[in-house]
Amino acid sequence: MNDSEEQTEVSVAPTLTAEQETKLWRKIDLRLIPIISLMYLLSFMDRGNIGNAKLDGLLTQLHLTGNRYNIALTVFFIPYSLFELPANLAIQVIRPSRWLPAIMITWGLIMMVMGFVKTYPQLVGLRVCLGAAEAGLFPGVAYYFTMWYPNHMYQYRLALFTGAATLSGAFSGLLAFSIGFMSGDGGLEGWSWIFILEGLATVLAGLIAALVMVDYPSTAKFLTAEERLFVIQKRARGAAQDEEHGAAQQIWAAFTDWQVWALSIVLLSTAVPAYGITYFLPTLIKNFGYSTSISQLLTIPPYVLATANLLVISYYSDKLKLRSAFIFPAQLIALAGYIINISDVSSGVKYFGLYLCVVGTSAVPGCVSWLANNLGGKYKRATGIALQITVANFGGVIASNIFRTQDAPRYFLGLGLVMMFIGLGLVTVPITALAYKHINHQRDRDELLKQQGQKADSKEGGGKPLGDRAPSFRYTL
């Protein structure tokens, strides 16, 4: 179902009371969010549990000496980045309720097989396959939510989804602690059981998702006809009018739009620290002198706090209809955490700093929401979101290689480079917000001149531009 098909159905505007509308969105949330969040929680656990497996015998059994562990992390992101754009175009053709569960079952099976690898090349090969299989989930869901929720109800829902990734760090630590006691069962080390059992959980969740997921508002059978029309109209009213141009033109428009690349840099500046802390938090804590089991448990509290913080700031970001004002402080918090950890202070103070590092990852859904709110056109929006996330995932490649074994226990190189990327974001966020503000001001001025019967000094180009280029559209700051 595409945008134009949905718009043709909006012939009569249904009227709901405030109470009825609240109940409707709660009904939609309960149908969409739980299964989608579970899918992403398991996705992030499956890509990140190698950090826990590292402490449970993976390094010694597979002889991951030198930079082999870092390479195993890196190869995941190459296919993951390359396949995100094709995957987000595929979801235009294949129904979300079929596409997303199918890729989930696929990566769950790959995860289970990974538990039986015997050599380093086998591990690397399966990490490549895992990256290709997981590529379609995050950009697919980010686009899927734009088809359901109005602009300023979007980030909180995306936060519920991405919050599952933050919470996955807590679950990974808890499960790794429990599964570690199975080491030796069936002739397998603890790291093997981590991969096998978490992969099995992913496959089962994928099968459930295939049964309960829905596609778009216009085909949602759990809604009444009046509710379907209301959702379609509400989403369309708050978004840029979607362009009627062909797919190729909209895809090219995404590639040539300055805001896609500016906000890709912003997301990259949050992705490097986010991936870095995901993969190396257990190791950083263990270097404080704790045992493996205690290190696994100590990864849990920072993620629980970060998840709560993520939901609170996303709620207020939607309520106030602002993005940059919440992204910037989150990056400052992360920067403070990394400054503490690169300093020569006690392990207790550094552990507090790690809380700040994890809490700082709350900027991620704001970055994605900011771009999603400001792109018009079905294919342009899908392409722009995919491009942004593709660029950001190169942050995973970077983060996988900057915390080197030879730099332990201080990791000056890794911590310093993470701080550099955060600084890049702290510069790019206000510049982007000011550019949006300038364009909005120019459109306000042109609209006022038009009302006064004067010629507007618009630089939007000829014709009647639609989408985010329409004179009536205002960018979210």
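Structural notes, computed from the coordinates. (Residues numbered from 1 in each chain as written. Predicted model: local features only at pLDDT ≥ 70, side-chain atom pairs only at ≥ 80, totals over all residues. Heavy atoms only, no water.)

1. Some words on the overall build of the protein
- Regarding its fold elements, the protein presents 21 helices and zero strands.
- On C-alpha atoms alone, the protein measures out to a radius of gyration of 23 Å, which is about the 23 Å that the 2.2 N^0.38 rule sets for 477 residues.
- For the protein, with 477 residues in total, the buried portion stands at 57%.
- Long-range contacts, defined here as pairs at least 24 residues apart, represent 82% of the contacts in the protein between residues at least 6 apart.
- As displayed, the protein has an accessible area near 18,800 Å², and 66% of this comes from carbon and sulfur atoms. (Helix = DSSP H or I, 4+ residues; strand = E, 2+ residues; numbered from the N terminus. Rg over C-alpha atoms; globule rule 2.2 N^0.38 Å. Buried < 20%, exposed > 50% of the residue type's maximum accessible area, 1.4 Å probe, protein only. Contact = heavy atoms within 4.5 Å. Areas by Shrake-Rupley, 256 points an atom, 1.4 Å probe, with all protein chains shown as cover.)

2. A few points about the packing of helix α7 (residues 96–114) against helix α11 (residues 190–212)
- Two elements in contact, α7 and α11, have axes separated by 7 Å at closest approach and are oriented at 160°. It follows from the interaxial angle that α7 and α11 lie roughly antiparallel. As α7 packs across α11, the resulting crossing turns out to be left-handed. Every residue of α11 that contacts α7 at Ser-97, Arg-98, Pro-101, Met-104, Ile-105, Trp-107, Gly-108, Leu-109, Met-111, Met-112 and Met-114 is listed here: Trp-191, Phe-195, Ile-196, Gly-199, Leu-200, Thr-202, Val-203, Ala-205, Gly-206, Leu-207, Ala-209 and Ala-210. (Axes fitted to C-alpha atoms, helices over the stretch in contact; angles between N-to-C directions. Parallel < 35°, antiparallel > 145°, perpendicular 65-115°, else oblique. Left-handed = near helix turned anticlockwise from the far one by under 90°.)

3. Comments concerning the pattern of salt bridges
- Applying the stated rule across the entire model yields 12 salt bridges.
- Between Arg-157 and Asp-29 there is a salt bridge; the shortest N-O distance is 2.8 Å. Of the two residues, Arg-157 sits in helix α10 (residues 154–179) while Asp-29 sits in helix α2 (residues 18–48), which places them 128 residues apart along the sequence. The pair Arg-157 / Asp-29 is uniform in exposure class, with both members buried.
- A salt bridge links Glu-447 to Arg-474; the nearest nitrogen and oxygen atoms lie 2.8 Å apart. Highlighted residues: Glu-447 in helix α21 (residues 412–451) and Arg-474 in the segment after α21, separated in sequence by 27 residues.
- Arg-474 gets classed as partly exposed once you look at its relative accessible area, which sits at 24%.
- One salt-bridge network, held together by shared partners, links Asp-257, Lys-380 and Asp-468. (Salt bridge = Lys/Arg side-chain N within 4 Å of Asp/Glu carboxyl O.)

4. Examining the nonpolar core
- Of all hydrophobic cores here, the largest spans 141 residues; its most connected members are Ile-28, Ile-36, Leu-100, Phe-145 and Trp-148.
- Ignoring sequence-local partners within four residues, the contact set of Leu-100 consists of Ile-36, Met-39, Ile-91, Gly-136, Leu-137, Val-141 and Met-213. (Core = buried A, V, L, I, M, F, W, Y, C linked by side-chain atoms within 4.5 Å.)

5. Description of the environment of Val-397
- Inspection of the secondary structure puts Val-397 in helix α20 (residues 378–402).
- Each C-alpha atom of the pair Val-397 and Leu-175 lies 26 Å from the other, and the pair is 222 residues apart in sequence.

6. Topic: the packing of aromatic side chains
- Counting across every chain of the model gives 24 aromatic pairs.
- Each ring, one from Tyr-144 and one from Tyr-216, has its centre 6.3 Å from the other, and the planes form 50°; the classification is tilted. Taken together, the positions of Tyr-144 in helix α9 (residues 137–146) and Tyr-216 in the loop between α11 and α12 (225–238) put the pair 72 residues apart, joining distant regions of the chain. Residues Tyr-144 and Tyr-216 agree in their burial class; the two are buried.
- Where Trp-148 meets Phe-222, the ring centres are 6.2 Å apart and the plane angle is 25°; that geometry is what we call stacked. Here the residue Trp-148 occupies a position in the loop between α9 and α10, and Phe-222 occupies one in the loop between α11 and α12, the gap between them amounting to 74 residues. Each of the two residues, Trp-148 as well as Phe-222, counts as buried. (Phe/Tyr/Trp six-rings, centres within 6.5 Å; stacked < 30°, edge-to-face > 60°.)

7. Regarding helix α14 (residues 258–286)
- With 29 residues, α14 should cover 42 Å at 1.5 Å per step; its first-to-last C-alpha distance of 43 Å lies within 8% of that length.
- At Phe-280, α14 is bent by approximately 60°, the largest bend along its length, and proline Pro-282 sits one to four residues beyond.
- Judged by how many residues are buried, α14 sits mostly within the fold: 25 of 29 residues are covered. (Expected span 1.5 Å × (residues − 1). Bend = angle between axes of the 7 residues up to and from the residue.)

8. Concerning the packing of α14 against helix α17 (residues 324–342)
- Packing of α14 against α17 brings their axes to within 11 Å, and their N-to-C directions diverge by 40°. In terms of their interaxial angle, α14 and α17 are classed as oblique. As for how α14 packs across α17, the hand of that crossing is left-handed. Across from Val-266, Ser-269, Thr-270, Pro-273 and Ile-277 in α14, the residues of α17 making contact are Ile-327, Gln-331 and Tyr-338.
- Here the residues of the contact of α14 with α17 are counted per class, giving five nonpolar, three polar and no charged. (Nonpolar A, V, L, I, M, F, W, Y, C, P; charged D, E, K, R; others polar.)

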